Each structure stands twice: as structure tokens, then as C-alpha cells.
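An overview of the molecular structure
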Amino acid sequence: MEEIKIEDKQQYLNDNYPFEEAPKLTDKKKCIHCGSIITVGDYKVFKDEVGEEYIYCPNAPKCDGTVIDWFDAD
Ligand SMILES: [Zn+2]
């Protein structure tokens, strides 16, 4: 997969967040795939073979968790 550079990460998150309310870039979440506490703004975006873009854990490609695998850190 190919990593995409995002200019405005907050805007991209607002537009592509799969749930109700997009978190802030400074929010901390827990990625259940790698178990790390991540800072939302460190997310990465990868594009697959058909051009679909996915918001990945900052630890990608080592971690295959995406935005839906993040839970509140508390
Ligand atoms: Zn992860």
C-alpha cells in the first residue's frame, strides 16, 4: 500500500472519520491492535490497490490497526 501525505490532517479526519464526531488531533486514543496509546494527529493514511484510502494507526505499517480500532485512552 502507498502512504498518502495529508496537508490538513484535521480536515481530512473530519471528512473521513467513520463515526459521529471526529476527535481532535491532540486527543489520545488506545489502538487495540498494537496496544499503544497514540496521538490522533500522528495517524497515517494509506491507499490500497483500488484507490481506497484508510486512516491507519501511527505505528503502521508495523501495526495494521485503523481508525475503527481506536478507543478512548482512559
Ligand atoms: Zn496500532
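Shown above is the structure to which this text applies.
Overview of the structure. Small disclaimer: the values here were computed from a predicted structure and weren't measured. (Residues numbered from 1 in each chain as written. Predicted model: local features only at pLDDT ≥ 70, side-chain atom pairs only at ≥ 80, totals over all residues. Heavy atoms only, no water.)

So, about the environment of D48. With respect to the helices and strands, the residue D48 is situated in the loop between β4 (44–47) and β5 (53–56). Looking at D48, the relative accessible area reads 16%, which means it is buried. For the pair formed by D48 and E3, sequence separation is 45 residues and the distance between their alpha carbons is 9.2 Å. Every residue in contact with D48, bar those within four places of it in the chain, is listed here: M1 and Y54. Here the side chain of D48 touches V50 through a polar contact of 3.0 Å, landing on its backbone nitrogen. A distance of 2.9 Å separates the side chain of D48 from the backbone nitrogen of E52, its partner in a polar contact. (Helix = DSSP H or I, 4+ residues; strand = E, 2+ residues; numbered from the N terminus. Buried < 20%, exposed > 50% of the residue type's maximum accessible area, 1.4 Å probe, protein only. Contact = heavy atoms within 4.5 Å. Polar contact = N/O pair within 3.5 Å; in protein donor to acceptor, adjacent residues only side chain to side chain.)

This next bit is on the coordination of the zinc ion. Taken together, C31 (SG), C34 (SG), C57 (SG) and C63 (SG) make up the full set of protein donors to the zinc ion, lying 2.3 Å away. Each of the four donor atoms bound to the zinc ion contributes to angles spanning 107 to 112°, and the resulting shape is tetrahedral. Mapped onto the polypeptide sequence, the residues donating to the zinc ion form the spacing pattern C-x2-C-x22-C-x5-C. Within this pair, whereas C31 is found in strand β2 (residues 28–31), its partner C63 is found in the loop between β5 and β6 (70–72), the two being separated by 32 residues in sequence. By relative accessible area, which is 6% here, C63 ends up buried. (Donors = N, O, S within 2.8 Å, 3.2 Å for Na, K, Ca; no water. Tetrahedral: all angles 85-135°; square planar, octahedral: opposite > 155°, others 65-115°.)

In any sheet, the strands associate via hydrogen bonds between backbone groups, in a parallel or an antiparallel arrangement. Read from one edge of the open sheet, three strands run β1-β4-β5, paired in antiparallel fashion. Sheet topology places β1 (2–4) and β5 at the edges, where each strand pairs with a single neighbour. On average, each strand axis in the sheet is tilted by 40° relative to the strand beside it, whichever way the strands run. (Pairing = 2+ DSSP bridges. Axes fitted to C-alpha atoms, helices over the stretch in contact; angles between N-to-C directions.)

As a further point, take the sheet that holds strand β3 (residues 37–39). Spatially, three strands are ordered β3-β2-β6 in an open sheet, and the strand pairing comes out antiparallel. One side of each edge strand has no neighbouring strand; the edge strands of this open sheet are β3 and β6. The mean inter-strand angle of the sheet, taken between neighbouring strand axes irrespective of direction, is 50°. Two elements, β2 and β3, share three bridges in a ladder whose sense is antiparallel. Paired with K28 across the two strands is T39, which belongs to β3.

Spatial relationships are all this shows, so hold off on functional conclusions.
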